[in-house]
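# Coordinate analysis (summary)
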Amino acid sequence: MGLRVNLRLLRERGERLVGELASEEWASGYQDELVVPISPLRYDLEAELQGENLFLKGPLSVRLNCTCGRCLKTYVETVTVSDFAAFIPLSGEDSLPSEGDIADLTALLREDMYLALPANPVCKPECRGLARKADFQDSRLGSGSSGTSSPWSALDQLSL
């Protein structure tokens with residue numbers, strides 16, 4: 001269904017658009033294993049016509065289930081675009097997709113939310129990631145005191 005607005009009614013007066021878009025609607029085609037939407041996209045937009053253009057402004061927000069790119073822990077994050085604004089022509093090649101007087105705003109919201117999503121999610125800035133290799137070496141191979149700093153030195157201890 002998406003977010004649709006009646007342009008004929010906007011010509012008479014501005015309109016406040018408040019609601020939610022299911023993640024299947026706004027994030028269709030989005031594929032990222034580290035960032036998964038877990039709530040609908042919430043919007044609170046002021047819409048008005050200015051000449052032959054549609055002006056939208058207001059906040060957008062969504063909750064995400066993220067996997068830290070450093071330590072692989074999962075955490076929940078809320079992403080908010082507090083200053084969403086769009087000035088869209090109603091005619092020409094950059095115009096909104098519409099059916100008669102009804103215009104679909106979903107693609108506009110989708111684009112800005114995709115840009116706001118974390119590209120490399122990190123659970124906290126001080127996250128040091130997974131345990132270091134030296135820590136694994138010490139725990140699996142004893143003290144790991146072979147005297148060399150080569151990552152391949154553990155293989156020298158194998159007898160095949």
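Everything below is about the structure shown above.
To start, this report covers the structure provided alongside it. Everything numeric here is computed off the predicted structure, so don't read it as measured data.

Moving on, we get to the overall build of the protein chain. Looking only at helices and strands, the protein chain has 5 helices and 8 strands in total. Its helices and strands taken in sequence order, the protein chain reads β-α-β-α-β-β-β-β-β-β-α-α-α from the N to the C terminus. A buried classification covers 31% of the 160 residues belonging to the protein chain. Taking the contacts inside the protein chain whose residues are at least 6 apart along the sequence as the reference set, 62% of them involve residues at least 24 apart. Summed over all atoms, the accessible surface of the protein chain reaches about 10,400 Å², with 49% contributed by carbon and sulfur.

A separate point is the pattern of salt bridges. Scanning the model with the defined rule gives 5 salt bridges in all. Between arginine 16 and glutamate 46 there is a salt bridge, with the nearest N and O atoms lying 3.9 Å from each other. Pair noted here: arginine 16 is in strand β2 (residues 15-21) and glutamate 46 is in strand β4 (residues 41-50), with a separation of 30 residues, a long-range link. On the basis of relative accessibility, which here comes to 37%, the residue glutamate 46 falls in the partly exposed class.

Here the focus is the packing of aromatic side chains. In total, this model carries 3 aromatic pairs according to the counting rule given. Site record: aromatic cluster; members linked through ring pairs are Trp26, Tyr30 and Tyr114.

Overall, antiparallel pairing links the 3 strands, which are arranged β1-β8-β7 in an open sheet. Strands at the two margins of the open sheet, each flanked by one partner only, are β1 (4-6) and β7 (98-99). Direction of pairing for β7 relative to strand β8 (residues 102-104): antiparallel, over a ladder of 2 bridges. Residue pairing across strands places glutamate 99 opposite isoleucine 102, the latter belonging to β8.

Further remarks concern the nonpolar core. The biggest cluster of nonpolar side chains holds 37 residues, and the ones touching the most others in it are Leu54, Leu56, Leu60, Leu105 and Leu109. Of all the secondary-structure elements, those providing two or more residues to this core are α1 (7-12), β2, β4, β5 (53-67), β6 (74-89) and α3 (106-116). Once residues within four sequence positions are removed from consideration, leucine 109 is found in contact with Leu3, Leu21, Leu41, Tyr43, Leu45, Leu60 and Phe84.

On the secondary structure map, serine 39 appears in the loop between β3 (35-37) and β4. From its side chain, serine 39 meets the backbone nitrogen of arginine 63 in a polar contact 2.9 Å long. When near neighbours in sequence (up to four residues on either side) are disregarded, serine 39 contacts Ser23, Trp26, Val62 and Arg63.

Turning to α3, its buried residues are Thr106, Leu108, Leu109 and Met113. The buried side chains of α3 occupy one side of the element, clustering within an arc of 160° when seen end-on. Looking at the buried residues of α3, the elements they touch are β2, α2 (23-26), β4, β5, β6 and β8.

With respect to the helices and strands, alanine 107 occurs in helix α3. A C-alpha to C-alpha distance of 8.8 Å links alanine 107 and glycine 2, two positions 105 residues apart in sequence.

Another point: the pairing of β4. Burial along β4 is one-sided: the face carrying Leu41, Tyr43, Leu45, Ala47 and Leu49 is buried and the face carrying Arg42, Asp44, Glu46, Glu48 and Gln50 is not. Bridge analysis of β2 against β4 gives 7 bridges, and the strand direction is antiparallel. Each residue of the ladder has a partner; that of leucine 21, found in β4, is leucine 41. Hairpin connection between β4 and β5: a loop of 2 residues separates the two successive antiparallel strands, and glycine 51 in this loop has a positive phi of roughly 70°.

Rules behind the numbers
Along each chain, residue indices are assigned from 1 in the same order as the chain's sequence is written. Side-chain atom pairs in this predicted model are given and counted only at pLDDT of 80 or more, local residue features only at pLDDT of at least 70, and totals for whole chains, interfaces and linings cover all residues. Here the side-chain values reflect all heavy atoms present in the structure, with hydrogen atoms and water set aside. By the criteria applied, helices consist of DSSP H or I runs no shorter than four residues and strands consist of E runs no shorter than two, each listed in order from the N terminus. Working definition: with a 1.4 Å probe on protein chains only, accessible area under 20% of the residue-type maximum means buried, over 50% means exposed, and in between means partly exposed. Contacts are residue-level and defined by heavy atoms, with any inter-residue pair within 4.5 Å sufficient. Note that accessible areas follow from Shrake-Rupley with a 1.4 Å probe, and for residues the cover is restricted to the protein chains shown. One side-chain nitrogen of Lys or Arg within 4 Å of one carboxyl oxygen of Asp or Glu is enough to make a salt bridge. Pairing of aromatic rings covers Phe, Tyr and Trp, the last counted by its six-membered ring, and requires centre-to-centre distances within 6.5 Å; plane angles under 30 degrees mean stacked, over 60 mean edge-to-face, and any other angle means tilted. Should DSSP find at least two bridges between two strands, the strands are regarded as paired. Only buried residues count toward a nonpolar core, which is a set of Ala, Val, Leu, Ile, Met, Phe, Trp, Tyr and Cys residues joined through side-chain atoms within 4.5 Å. By the criterion applied in these results, polar contacts are pairs of N or O atoms within 3.5 Å in which, for protein atoms, one can donate a hydrogen and the other can accept it, and in which residues neighboring in sequence qualify only through two side-chain atoms. The directions considered for the arc run from the helix axis to the C-beta atoms.

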